[in-house]
Structures are given as C-alpha cells and as structure tokens.
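Notes for the structure review
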Amino acid sequence: MSWIIKHDDSKCIGCGVCVALCPDNWELGTDGKAHPKKTEVEELGCNEQAAKSCPMKCIIIEEKK
Ligand code: SF4
C-alpha cells in the first residue's frame, strides 16, 4: 500500500513540530514553511505522528488508490 502526503502551505505556520517529529520526511524551507521530502511513501512511519501533531492540521495523509 502507498500513501500520499499532502501539505497545505497556506495554513503552515512553520512551527517545526513536523520536522522535529519526522526529520526523515520533513524539512523547513527558505520560505519558513515545512515541506515533505517525499509526497508518496510505502510506509507512513513518522509521517503519521507529524500529521497528528501539526497544530494547524495542514498535513493530510491519503491512501493511494
Ligand atoms: Fe507547518 Fe504543521 Fe509542520 Fe508546524 S507542524 S511546520 S504548521 S506542517
């Protein structure tokens, strides 16, 4: 199974929580917002915790159909 990782830039406040919890797949860009390194993954891993912990709920995980 694969997962699509989506991120709503417009809501991101650049708090860095996702980067702290999931540095494997999240980094802060020069625009001060977080960005996923991969937008499609085979295993959710720490992305799940990052999505749950994002204060703006701007990380959306969808199953790839
Ligand atoms: Fe942006 Fe959410 Fe990551 Fe904070 S936790 S930097 S609001 S995506």
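Read on for an overview of the structure. (Residues numbered from 1 in each chain as written. Predicted model: local features only at pLDDT ≥ 70, side-chain atom pairs only at ≥ 80, totals over all residues. Heavy atoms only, no water.)

Thoughts on the state of the cysteines
For the structure on display, the rule yields one disulfide. Two residues, Cys22 and Cys46, share a disulfide whose sulfurs are 2.1 Å apart. Between Cys22 and Cys46, the S-S torsion sits near 60°, and that sign places the bridge as right-handed. With Cys22 in the loop between helix 1 (17-21) and strand 2 (26-28) and Cys46 in the loop between strand 4 (40-41) and helix 2 (47-53), this residue pair connects regions lying 24 residues apart in the sequence. Among the residues examined, Cys22 registers a relative accessible area of 0% and is labelled buried. Judged by relative accessible area, Cys46 falls into the partly exposed class, the value being 25%. (Disulfide = S-S within 2.5 Å. Helix = DSSP H or I, 4+ residues; strand = E, 2+ residues; numbered from the N terminus. Buried < 20%, exposed > 50% of the residue type's maximum accessible area, 1.4 Å probe, protein only.)

A short note on the site of the ligand
If you check the shell around the ligand, you find 14 residues, and the closest are Cys12, Cys15, Gly16, Cys18 and Cys54. Among the residues making up the shell around the ligand, the classes are represented as 11 nonpolar, three polar and no charged. (Near = heavy atom within 4 Å. Nonpolar A, V, L, I, M, F, W, Y, C, P; charged D, E, K, R; others polar.)

Let's talk about the sheet that holds strand 4
Spatial ordering of the open sheet is given by 4-1-5, a layout of three strands whose pairing is antiparallel. The open sheet has two edge strands, strand 4 and strand 5 (59-63), and neither has a second partner. (Pairing = 2+ DSSP bridges.)

Structural notes on the pattern of salt bridges
For the structure on display, the rule yields two salt bridges. Close ionic contact of Glu62 with Lys6 constitutes a salt bridge, the shortest N to O distance being 3.1 Å. Placement of Glu62 in strand 5 and of Lys6 in strand 1 (residues 3-7) is noted, with a sequence separation of 56 residues between them. When its relative accessible area of 34% is taken as the criterion, Glu62 is described as partly exposed. Lys6 gets classed as partly exposed once you look at its relative accessible area, which sits at 38%. Residue Lys64 is joined to Glu40 by a salt bridge in which the shortest nitrogen-to-oxygen separation is 3.1 Å. (Salt bridge = Lys/Arg side-chain N within 4 Å of Asp/Glu carboxyl O.)

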